[in-house]
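# Coordinate inspection notes
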Amino acid sequence: MLQQIARQQDIVEIAPQGSAPKAAALAHVVEQYGYTYGMAYRTGFKNSLVQVRMYRDPRPDARVREAATITAHPRAGNGGTVPGLKQGSLKPLPEAAGAVAVLKDLVTFDVMALYVADRSQRLLVYLACAVLTVLMFIDNRSPVEAVASGGAVALLCTVAFKVGTVRRRMIAQRLTDAGFLTVRDEQGSRRFLRPGQQLPGHTNRFAA
């Protein structure tokens, strides 16, 4: 990660092992070097990795922040301190805890999109439950057993959809209270930006 920053890449990728808190802590470090949060999603085997993408912020205050961080942490990556974290760990310092918590909400909101189905996806899930019931009936299972099994799967899916929706709504409210603005990206997904920022992209990175 620090090597990517040292090369002054426009995009820095972070991929800790499946943990939103770890991803948020590392994202906070990257922000101190003049980057800003872009997006997060799950990837890897069985979606076990949380991948976070950070974009280089072209605004003047980002360059000031970067210069101050380099001066304050000259040995970062070589056994020295890194901004905002306790030395040798991913635990945020007290003064950075609030910023890391906000980043954790941003990361969690994005990765939970995988588990919040829209209407068409829910219809497909319930159709699959119906097919399961029919297959069990064809497999000489009793009608009661077939219906009970298909109904149980449908109920579990319904609960999962509801829990995901409620939790994501609570995170969205916290981000709104923290001053973030809600927008829609090109795919229609809901995103949160700080005032004065735009959605990142290959030719449209964050800009004032």
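Just above sits the structure.
Residues numbered from 1 in each chain as written. Predicted model: local features only at pLDDT ≥ 70, side-chain atom pairs only at ≥ 80, totals over all residues. Heavy atoms only, no water.

## Topic: the overall build of the protein chain
Cut-off, in case you're wondering: Every helix listed is a DSSP run of H or I at least four residues long, and every strand listed is a run of E at least two residues long, numbered separately from the N terminus. Three exposure classes are used, based on accessible area relative to the maximum for each residue type with a 1.4 Å probe and protein chains only: buried under 20%, partly exposed in between, and exposed over 50%. Note on contacts: a residue pair qualifies if any of its non-hydrogen atoms lie within 4.5 Å across the two residues. Using a 1.4 Å probe, the Shrake-Rupley method yields the accessible areas, and only the shown protein chains count as cover for residues.
Assigned secondary structure in the protein chain consists of 6 helices and 5 strands. Start at the N end of the protein chain and walk to the C end: the helices and strands fall as α-β-α-β-β-α-α-α-α-β-β. Every one of the 208 residues in the protein chain was classed for burial, and the buried ones make up 37%. For the protein chain, the share of sequence-separated contacts (at least 6 apart) that also reach a separation of at least 24 residues comes to 59%. In the structure as shown, the protein chain presents an accessible area of about 12000 Å², 60% of it carried by carbon and sulfur atoms.

## Observations concerning the pairing of strand β3 (residues 49–56)
Here is the rule we go by: Pairing between two strands requires that DSSP report at least two bridges joining them.
With 7 of 8 residues buried, β3 is to be regarded as a mostly interior element. Two elements, strand β1 (residues 11–14) and β3, share 4 bridges in a ladder whose sense is antiparallel. Bridging from a neighbouring strand, I14 pairs with V52 of β3. Pairing of strand β2 (residues 35–43) with β3, which is carried by 8 bridges, proceeds in the antiparallel orientation. Of the residues in β3, the one forming a bridge with R42 is V50. Counting the residues in the hairpin turn of β2 and β3 gives 5 residues, including G44, whose phi is positive at 80 degrees.

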